[in-house]
Amino acid sequence: YEKVSIREAQSGELGWIISRHAEIYGKEYGFSHEFEKYVLLGLAEYLNAGNTRSCVWIAENNNSPVGSIGIVEKGIKEAQLRWLLVEPRARGLGVGKKLVEQAIVFSKQQQFKSILLWTLANLHTAKFLYESMGFGCVEEKKGMMGGQPHVEECWRLDL
């Protein structure tokens, strides 16, 4: 955990985020290329906005990326947490917690009043992390993700 550093994403690393999301979610949950498209379009929107109140970070260990997270401005008072990913080899080491902590600190610095995120009901480890960090589920809806029907959940943290 101490050997993991968090830094802003550098040129080329948004491609890594897209690739790793597609590969990991494809392998672990059977998601189709539709999920890769979803991540790609979200990151393209982030880049096109050029917003200083939004940021993407990489978790790094031994000069190798082991995770990612982003905060995107959704309004003057609200941020959205996106693209949380921890490499399978780095799970259980506190990487996810460190990434979410970075996102919360940044959101407070930007004077957001709340952070929302969307996750899937079957992502139990992620939901446990969000709950431990003070987020609570505020909405559920049926939807499609990665070419499959899922229950989507919206979680919120008031800052």
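Everything below is about the structure shown above.
Residues numbered from 1 in each chain as written. Predicted model: local features only at pLDDT ≥ 70, side-chain atom pairs only at ≥ 80, totals over all residues. Heavy atoms only, no water.

Asker: Looking at this model, I keep getting lost on the overall build of the chain. Mind explaining?
Answerer: Counting its regular elements, the chain contains four helices and seven strands. When the helices and strands of the chain are read in sequence order from the N terminus, they spell out β-α-α-β-β-β-α-β-α-β-β. Since a compact globule built from 159 residues should have a radius of gyration of about 15 Å, the 15 Å found for the chain is in line with a globular shape. For the chain, the spread of C-alpha atoms along the three principal axes comes to 40 × 35 × 30 Å. Look at the contacts in the chain between residues 6 or more apart in sequence, and 63% of them connect residues 24 or more apart. Here the chain displays about 8500 Å² of accessible surface, and carbon together with sulfur accounts for 50% of that area. For the chain, the separation between the mean place of its 19 positive charges and that of its 19 negative charges on side chains is 2 Å. (Helix = DSSP H or I, 4+ residues; strand = E, 2+ residues; numbered from the N terminus. Rg over C-alpha atoms; globule rule 2.2 N^0.38 Å. Contact = heavy atoms within 4.5 Å. Areas by Shrake-Rupley, 256 points an atom, 1.4 Å probe, with all protein chains shown as cover. Lys, Arg positive; Asp, Glu negative; His and termini not counted. Charge placed at Lys NZ, Arg CZ, Asp CG, Glu CD.)

Asker: Help me understand the packing of helix α1 (residues 13–29) against helix α2 (residues 33–49), please; the structure alone is not making it clear to me.
Answerer: Packed helix pairs are characterised by how far apart their axes lie and by the angle those axes make with each other. At a closest axis distance of 9 Å, the pairing of α1 and α2 adopts a crossing angle of 160°. As far as their axial angle goes, α2 and α1 are roughly antiparallel. Crossing geometry of α1 relative to α2 is assigned as right-handed. For the pair formed by α1 and α2, the contact residues are Leu-14, Ile-17, Ile-18, His-21, Ala-22 and Tyr-25 on the first element and Phe-35, Glu-36, Val-39, Leu-40, Leu-43, Tyr-46 and Leu-47 on the second. Looking at side-chain class alone, the contact of α1 with α2 contains 11 nonpolar, one polar and one charged residues. (Axes fitted to C-alpha atoms, helices over the stretch in contact; angles between N-to-C directions. Parallel < 35°, antiparallel > 145°, perpendicular 65-115°, else oblique. Left-handed = near helix turned anticlockwise from the far one by under 90°. Nonpolar A, V, L, I, M, F, W, Y, C, P; charged D, E, K, R; others polar.)

Asker: Mind showing me how you'd approach the side chain of Lys-127 here?
Answerer: Inspection of the secondary structure assignment puts Lys-127 in helix α4 (residues 124–132). Setting aside residues up to four positions removed in sequence, Lys-127 forms contacts with Thr-119, Leu-120, Ala-121, Glu-153 and Trp-155.

Asker: Help me understand the pairing of strand β2 (residues 55–61) in this model?
Answerer: The element β2 is largely enclosed, with a buried count of six among its seven residues. Sheet analysis places strand β1 (residues 4–8) next to β2, joined by five bridges and oriented antiparallel. Paired with Arg-7 across the two strands is Ile-58, which belongs to β2. Relative to strand β3 (residues 64–73), β2 is paired through seven bridges, and the arrangement is antiparallel. Its bridge partner lying in β3, Glu-60 is registered against Pro-65. Two successive antiparallel strands, β2 and β3, enclose a turn made up of two residues, where Asn-62 displays a positive phi of approximately 50°. (Buried < 20%, exposed > 50% of the residue type's maximum accessible area, 1.4 Å probe, protein only. Pairing = 2+ DSSP bridges.)

Asker: Would you mind showing me how to read the side chain of Glu-152 here?
Answerer: Counting through the fold element by element, Glu-152 comes out in strand β7 (residues 148–158). Buried and without a salt bridge, Glu-152 has Lys-141 as its closest oppositely charged side chain, separated by 4.9 Å. Those residues in contact with Glu-152 that lie beyond four places of it in its chain are Trp-118, Thr-119, Leu-120, Glu-139, Glu-140, Lys-141, Gly-143 and Met-144. (Salt bridge = Lys/Arg side-chain N within 4 Å of Asp/Glu carboxyl O.)

Asker: I'm lost on the packing of aromatic side chains in this one. Help?
Answerer: In this description, an aromatic ring pair is defined by two values, namely the gap between the centres and the angle between the planes. Under the definition given, this model contains 10 aromatic pairs. Put simply, the rings of Tyr-25, Tyr-29, Phe-31, Phe-35 and Tyr-38 pair up and form one aromatic cluster. Directly above the aromatic system of Trp-118 lies the positively charged group of Lys-141, at a separation of 4.8 Å from the ring centroid. (Phe/Tyr/Trp six-rings, centres within 6.5 Å; stacked < 30°, edge-to-face > 60°. Lys NZ or Arg CZ within 6 Å of the ring centre and 35° of its normal.)

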